[in-house]
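# Observations on the model geometry
Spelled out from the first residue to the last, the chains are:
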Amino acid sequence: MGVSPQGDRPRSGFREPAASPQAGILIDCGLFQGQEESRGSSAADLAIDFPIDHIRALVVTHVHIDHVGRIPYLLAAGFDGPIICSEPSAIMLPEILEDALKIGFTRDRALINRVLELIRARLVPLPYGRWHSVFEEEAGSLKVRLQRAGHILGSAYVECDAVSGSGAERIVFSGDLGAPHSPLLPEPSPPERADRLVIESTYGDKNHEDRETRRYRLKAVLEHALEDGGTVLIPAFSIGRTQELLYEIEGLIAEFGGFWNNLEIVVDSPLAAEFTKIYRDLKPFWDEEARALVAAGRHPLSFEQLTVINSHEDHLNAVEYLAKSHRPCVVIAGSGMCAGGRVVNYLKAMLGDARNDVLFVGYQAAGTPGRDILNYGPRGGWVELDGERYDIRAQVHTVGGYSAHAGQEDLLRFVEGIPQSPSEIRIVHGDEGAKRALQAKLRKLVPVADVVIPD
Ligand SMILES: [Zn+2]
C-alpha cells in the first residue's frame, strides 16, 4: 500500500507491503509546514512528484492547509478517486481550498469554480466510527474507519484494515492529534488496535500547560488591555484556534461580567468568520461542556461583544481606529505566524505602543516574523515587516495549547492506550528534535516496537 506521512511531502518510495502493490491510498496531500505562510510557493514546488496511478482514494485527516493544500494539484495530475473525510471536513474542505486557490493558484473565478465542483463531486463524507471499503481486489483489500482526533472540528485519525496475500493488518495514521482538555472538542481515544502506527510528533519534545493555567494566563493578558485600553493582538489560524479562543473569551466575560463587558472582540478575517459560522452550525460535534453551555442559553461563538470584519476597507479602518482609541479590544487575525495577512497591518500599527499586547497561541516556525517577535520582543528588540524595522514596545506573551497538537505526554498516552503494542511505529510531522525526543520515549515505553523516523 502506498501511503504518505501526513503533512510531509508525500514520497513515492514510502510503501507499505501490506496490501497489493498495485493499489494504495494516499493520506492527506498538503503543503510543507510553514509553506502556507510564505504564500510564494511556486507551482513547480507544489506539483505532484510521486506516482498516483495506484492510488484508489485520498483520505483527508483534517482540513488544515498543510494536510490538504495540494489537493488541486493532485486532481490536476490526474487523480480520479474519491476524497474520503469526516462529515464536518467535507463541509469545510471546499471553503479552505477556495481560499487557497485564490491565493496561490489562479484568480480565474471560473477555473476556481470548476476545481471546487470537481472536489465536491469526489467527496465521500464518512461518519466517525464506520468502516468504509476503499477497494476489494484479487490481490488484496482495504477498509478505512475514521475516529475523532480532537485537533480541529472534523479532524480524524485513520484506521486501515489491509488484507493481502501475506495476511491482514491494522495500520493507524494519527493525523494531527488534539490536546486533551481543549475547549469545544472531545479528546481522542486511543485506537483499539494498531499493528503499525504512523504518529505525528509536532510536540514530541514538549508538554502543554493545562487548561486552567492557560485560561488564567489568557485572563491576565486580557486584564492588561482592560486596565489601560490597549489592544491584544492574537495572530491565529482561521480554523480551530480562533473558535477555541472565542469560546474561552466568552467564558471569561460570562464569568467575570461587569468591567469585562467592555472588552471588544474583533475577528478580522472573512475566512475565520466563515469557519466560525461552520463551527456554530455543527454543534453536534462539540464536546459535552460546550453543548451544556448552549443548552443553558449561552452563545459561545456568537456573543454580543464580538465583531466580524470582512471587507478590506473595514479592516484598514479598524487598524487605524484601534491604534488611536483607548478601548480595550482583542483582535484575532491571520496569518498565525505573522508572515502575511491582515495581522501584519495591525502589528505595524500596534507594536510600538506599550499599551498593546501580542499574544501567540500557536507554533512559530523559524524564519517567520512571529518567531522574531517572540524572540526579540521581550528584550526590546525589533522585527522586520515588509522590509521595514518595527520596534517592539508591546508586551509579548505566549499561551500554548489552543487547537494544538497533543503534547509529548498526550502522544505517549495515545500509544500506551493501544491494548496490544504496535510492532512498528513511524514518527512523522515534526521537527527533527521533536521526532528524536519522541522516538527515545517511545522506545522505552514500547520496547517491542520498532520505532522509526522515515527519511
Ligand atoms: Zn492540523
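Residues numbered from 1 in each chain as written. Predicted model: local features only at pLDDT ≥ 70, side-chain atom pairs only at ≥ 80, totals over all residues. Heavy atoms only, no water.

In the annotation of an unreviewed UniProt entry, the protein is listed under the name MBL fold hydrolase and assigned to Marinobacter nauticus.

## Considerations on the nonpolar core
One finds I71, L93, I96 and V144 to be the most contacted residues of the largest nonpolar core, which totals 93 residues. When residues of this core are sorted by domain, at least three fall in each of domain 1 (2-9 + 22-206 + 404-452) and domain 2 (211-398). The residues touching I71, leaving out its near neighbours within four places in the chain, are C29, L58, V60, I83, L93, L97 and I119. A333, V343, Y390 and A394 belong to the second-largest nonpolar core, a separate cluster that totals 25 residues. (Core = buried A, V, L, I, M, F, W, Y, C linked by side-chain atoms within 4.5 Å. Buried < 20%, exposed > 50% of the residue type's maximum accessible area, 1.4 Å probe, protein only. Domains from an automatic or database assignment. Contact = heavy atoms within 4.5 Å.)

## Here we look at the sheet that holds strand β14 (residues 357-360)
By way of backbone hydrogen bonds, the strands of a sheet pair with one another, either parallel or antiparallel. Taken together, six strands build an open sheet; the order of strands is β12-β11-β13-β10-β14-β17 and the sheet is parallel. Unpaired on one side and paired on the other, β12 (306-309) and β17 (395-398) mark the two borders of the sheet. Strand-to-strand twist of the sheet, defined as the mean angle between neighbouring strand axes without regard to direction, takes the value 20 degrees. For strand β11 (residues 264-268) and β12, the ladder comprises four bridges, and the chain directions are parallel. Bridged to I265 within β12 is L306. (Pairing = 2+ DSSP bridges. Helix = DSSP H or I, 4+ residues; strand = E, 2+ residues; numbered from the N terminus. Axes fitted to C-alpha atoms, helices over the stretch in contact; angles between N-to-C directions.)

## Observations regarding the coordination of the zinc ion
Within the protein, the atoms that donate to the zinc ion are H62 (NE2), H64 (ND1), H151 (NE2) and D176 (OD), at distances of 2.2 to 2.3 Å. One way to put it: the four donor atoms around the zinc ion meet at angles of 88 to 170 degrees, and that makes the site irregular. Counting gaps between the donor residues of the zinc ion yields the pattern H-x1-H-x86-H-x24-D. Pair noted here: H64 is in the loop between β2 (55-59) and α3 (65-68) and H151 is in the loop between β6 (140-148) and β7 (156-164), with a separation of 87 residues, a long-range link. As far as the burial class goes, H64 and H151 line up, both buried. (Donors = N, O, S within 2.8 Å, 3.2 Å for Na, K, Ca; no water. Tetrahedral: all angles 85-135°; square planar, octahedral: opposite > 155°, others 65-115°.)

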